[in-house]
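If you want the building blocks of each chain, they are given just below.
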Amino acid sequence: MSVQSLSDWLDYIERQHPLPIALGLDRVLDVLKELEVKIACPVITVGGTNGKGSTCAMLESILQAGGYRTGLYTSPHLQRYNERVRIAGREAEDEELCDAFAAVESARGTVPLTYFEFATLAAFVLFSKAGLDAAVLEVGLGGRLDAVNALDADCAVLTSIGIDHVEYLGDTREAIGCEKAGIFRRSRPAVVADPDPPQSVLSADAQLLLIGRDFGYVNQGTQWSWWGPSGKRSGLAHPALRGAMQLRNASAALAALDSLRERLPLAMQNVRRGLAEVSLPGRFQVLPGRPQVVLDVAHNPEAAAVLATNLGEGGYAPQTIAVFGMLRDKDIAGVVRAMAPRITRWHLASLPGPRGTDASEIFEILSKENIKAPVSQFPTVAAALAAARKEADENDKIVVFGSFLTVADAYG
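Residues numbered from 1 in each chain as written. Predicted model: local features only at pLDDT ≥ 70, side-chain atom pairs only at ≥ 80, totals over all residues. Heavy atoms only, no water.

A. Representation of the environment of Leu 59. Inspection of the secondary structure puts Leu 59 in helix H3 (residues 52-65). Looking at Leu 59, the relative accessible area reads 0%, which means it is buried. Along the sequence, Leu 59 and Thr 74 sit 15 residues apart, while their C-alpha atoms lie 12 Å from each other. Here Leu 59 is in contact with Ile 44, Val 46, Val 136, Ala 253, Ala 256 and Leu 257, once residues within four sequence places are set aside. (Helix = DSSP H or I, 4+ residues; strand = E, 2+ residues; numbered from the N terminus. Buried < 20%, exposed > 50% of the residue type's maximum accessible area, 1.4 Å probe, protein only. Contact = heavy atoms within 4.5 Å.)

B. Structural view of the environment of Ala 308. Examined against the element boundaries, Ala 308 turns out to sit in helix H11 (residues 301-313). On the basis of relative accessibility, which here comes to 8%, the residue Ala 308 falls in the buried class. Linking Ala 308 and Pro 341, residues 33 residues apart in sequence, is a C-alpha distance of 8.0 Å. Beyond its immediate sequence surroundings of up to four residues, Ala 308 is in contact with Ala 338, Met 339 and Arg 342.

C. Seen up close, the sheet that holds strand E10 (residues 223-228). Read from one edge to the other, the open sheet built from 3 strands follows the order E9-E10-E11, with strand pairing classed as antiparallel. Edge strands, defined here as strands with exactly one partner in the open sheet, are strand E9 (216-219) and strand E11 (231-237). Averaged over all adjacent pairs, the angle separating strand axes in this sheet is 20°, with direction ignored. Along the sheet, helix H9 (residues 246-259) contacts E9, E10 and E11; its crossing angle with E10, the most-contacted strand, is approximately 40°. (Pairing = 2+ DSSP bridges. Axes fitted to C-alpha atoms, helices over the stretch in contact; angles between N-to-C directions.)

D. Summary view of the pattern of salt bridges. In total, this model carries 19 salt bridges according to the counting rule given. Arg 86 is the partner of Glu 60 in a salt bridge, and the nearest nitrogen-oxygen pair spans 2.9 Å. One end of the pair, Glu 60, is in helix H3; the other, Arg 86, is in strand E3 (residues 85-87), with 26 residues separating them in the sequence. Exposure remark for Arg 86: the relative accessible area of 24% places this residue in the partly exposed category. When the shortest N-O distance is used, the salt bridge between Glu 361 and Arg 328 registers 3.0 Å. Highlighted residues: Glu 361 in helix H13 (residues 359-368) and Arg 328 in the loop between strand E14 (320-324) and helix H12 (332-339), separated in sequence by 33 residues. By relative accessible area, Glu 361 is classed as partly exposed at 31%. One network of salt bridges, with partners in common, ties together Arg 90, Glu 93 and Glu 96. (Salt bridge = Lys/Arg side-chain N within 4 Å of Asp/Glu carboxyl O.)

Okay, here's the thing in structure tokens:
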């Protein structure tokens, strides 16, 4: 096998399993044993339907502000694969990733690994060599059978439980909650930021920390305060990440760090600086200039409802033009219903690949939902965004949403 560049490796690992998603830990655990990976630092694993990426970004930022050497593993990426693996706040270099892929390839023998499993094990290889003080891991899908769950979390965070990925996780909050709570470990802290968790989460065998009962926050306008087992932190500035849900995500991050305070002590100035400096592209990201362009990876009804709220709180605009593309295995109709009250004009974009939905198919869904706003169809996100920019006045808004692919294409 002649694999040299990072793009070569990514092409290769995509072909090593007949299915794009094949949940189960046996294959990953077998290869992990061969790799002899040792990650001795505290591990925080973050799962949930929405809010995972924001919570992970805040955890990394606060820990770095405290002087800790962090490892962060997230997915998917927006522009570069390297975004998925960060060590000490720096994206992994191509050469580092290639060496890690080679180590996984050597260790796996004949074990077939999916793209995500291969990627996760490569991240673990890099983390084991990096001398980390803390590792933050974002669950890819579900939790119980996700490759990230091959490592035992010292603290697990469950941000929210919504209906998504029903073909893998079930079609009820009880079933989905059971899968997501699989990242919890017995007698270890498990932070639950969903205000109404299903019984499958509440009955999990872990040291549960529930929002509203064991920790919480108070929005005080220009500032906010957090309370938890170790006391109260007041006079906090709002996180640099925009949006109505970010205080809940920040509250979960602080609860997780509070649970590990003996191993990872942090001062108030570390928390303040970390929240002030956190950044995460594609989460209610407002681009500079006029008309205002908002990028958001919202791709399920729960996330779309939050996006709609954020748009409503962001000030009046005569027109709000949607640049909208989604994958066919998502609840497109549910997202449309959540966003429709905020949209005055729709620009539908076709997404590539076997999972991509053609603009004409989305048009049919909008028609069934009885959407009255004008609708246009475009072959690409770039074409839809260019047309929106041409049509919009300087006081209008353009919101690009529906998928990581949609937002990635908007960067050009």
